[in-house]
Amino acid sequence: MGPLFIGVHGGQYYLTWIESLSSYSGIKWSSGSGWGLGIEGESGWSLSWYDEKSENIAFDDLPEKHVEGKRIILGYSWR
């Protein structure tokens, strides 16, 4: 597609509940996925936008949560 690209990714997302400096719930994780759009020039510089979301992360006595977000990445590729 020339300088444009579309990407998909998967990964693990980690979350903890921190109540104070001496008390936290432990670390829980779940899998998730996302997709992105970007453009890369002939100079090697790229600009991309990603959208991602995890599955629900269950804690014992706390409500389920999930991680989601959008990010913009400025990158460079050495050739």
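Keep in mind it's a predicted model, so treat the numbers as computed, not measured.

Undergrad: In this structure, what is going on with the overall build of the protein chain? I would like to understand it.
TA: Along the protein chain, the regular secondary structure elements total 0 helices and 4 strands. Each helix (α) and strand (β) of the protein chain, taken in turn from the N terminus, gives the series β-β-β-β. Over its C-alpha atoms the protein chain spans a radius of gyration of 17 Å, topping by over 25% the 12 Å that the globule rule assigns to 79 residues. With the principal axes as the frame, the protein chain shows a C-alpha extent of 50 × 25 × 15 Å.

Undergrad: Would you mind going over the pairing of strand β2 (residues 23-40) with me for this structure?
TA: A regular strand places its side chains so that they alternate between the two faces of the sheet. Direction of pairing for strand β1 (residues 4-20) relative to β2: antiparallel, over a ladder of 15 bridges. Within β2, the residue paired with Gly11 across the bridge is Gly32. Following β1, the chain reverses through 2 residues before pairing antiparallel with β2. If you look at the hairpin formed by β2 and strand β3 (residues 45-54), you'll find 4 residues sitting between the two strands, and Gly44 has a positive phi there, around 105°.

Undergrad: For this particular structure, what's the right way to read the side chain of Ser48?
TA: Checked against the element boundaries, Ser48 lands in strand β3. In this view, Ser48 contacts Phe5, Leu37, Gly38, Arg71, Ile72 and Ile73; residues no more than four positions away in its chain are not counted.

Undergrad: Just checking my understanding: could you explain the sheet that holds strand β4 (residues 68-76) for this structure?
TA: Two pairing modes exist for strands in a sheet, parallel and antiparallel, and in both the strands are linked by backbone hydrogen bonds. The strand order across the open sheet formed by 4 strands is β1-β2-β3-β4, and the pairing between neighbours is antiparallel. Two strands bound the open sheet, and with one partner strand each, they are β1 and β4. Each adjacent strand pair in this sheet contributes to an overall mean axis angle of 25°, direction not counted.

Undergrad: What exactly am I supposed to notice about the confidence of the model for the protein chain here?
TA: Regions with low pLDDT carry predicted coordinates that are not meant to be interpreted in detail. Taken residue by residue, the protein chain gives an average pLDDT of 87. The fraction at 70 or more is 99%. Highest mean pLDDT in the protein chain belongs to β3 (94); lowest belongs to β1 (87).

Undergrad: Looking at this structure, how should I read a nonpolar patch on the surface?
TA: Taken together, the side chains of Leu4, Ile39, Trp45, Leu47, Ile72, Leu74, Tyr76 and Trp78 define a hydrophobic patch exposed on the protein surface, amounting to about 960 Å² of accessible area. For the nonpolar patch, the secondary-structure elements that each account for two or more residues are β3 and β4. Per-element tally for the nonpolar patch: the top contributor is β4, with 3 residues. Mapped onto the secondary structure, Leu47 falls in strand β3. Residue Leu47 is classed as partly exposed on the basis of its relative accessible area, which comes to 45%.

Criteria and cut-off values
Residues numbered from 1 in each chain as written. Predicted model: local features only at pLDDT ≥ 70, side-chain atom pairs only at ≥ 80, totals over all residues. Heavy atoms only, no water. Helix = DSSP H or I, 4+ residues; strand = E, 2+ residues; numbered from the N terminus. Rg over C-alpha atoms; globule rule 2.2 N^0.38 Å. Pairing = 2+ DSSP bridges. Contact = heavy atoms within 4.5 Å. Axes fitted to C-alpha atoms, helices over the stretch in contact; angles between N-to-C directions. pLDDT = per-residue confidence, 0-100. Patch = residues over 30% accessible without salt bridge, like charges linked within 9 Å, V, L, I, M, F, W, Y side chains within 5 Å. Areas by Shrake-Rupley, 256 points an atom, 1.4 Å probe, with all protein chains shown as cover. Salt bridge = Lys/Arg side-chain N within 4 Å of Asp/Glu carboxyl O. Buried < 20%, exposed > 50% of the residue type's maximum accessible area, 1.4 Å probe, protein only.

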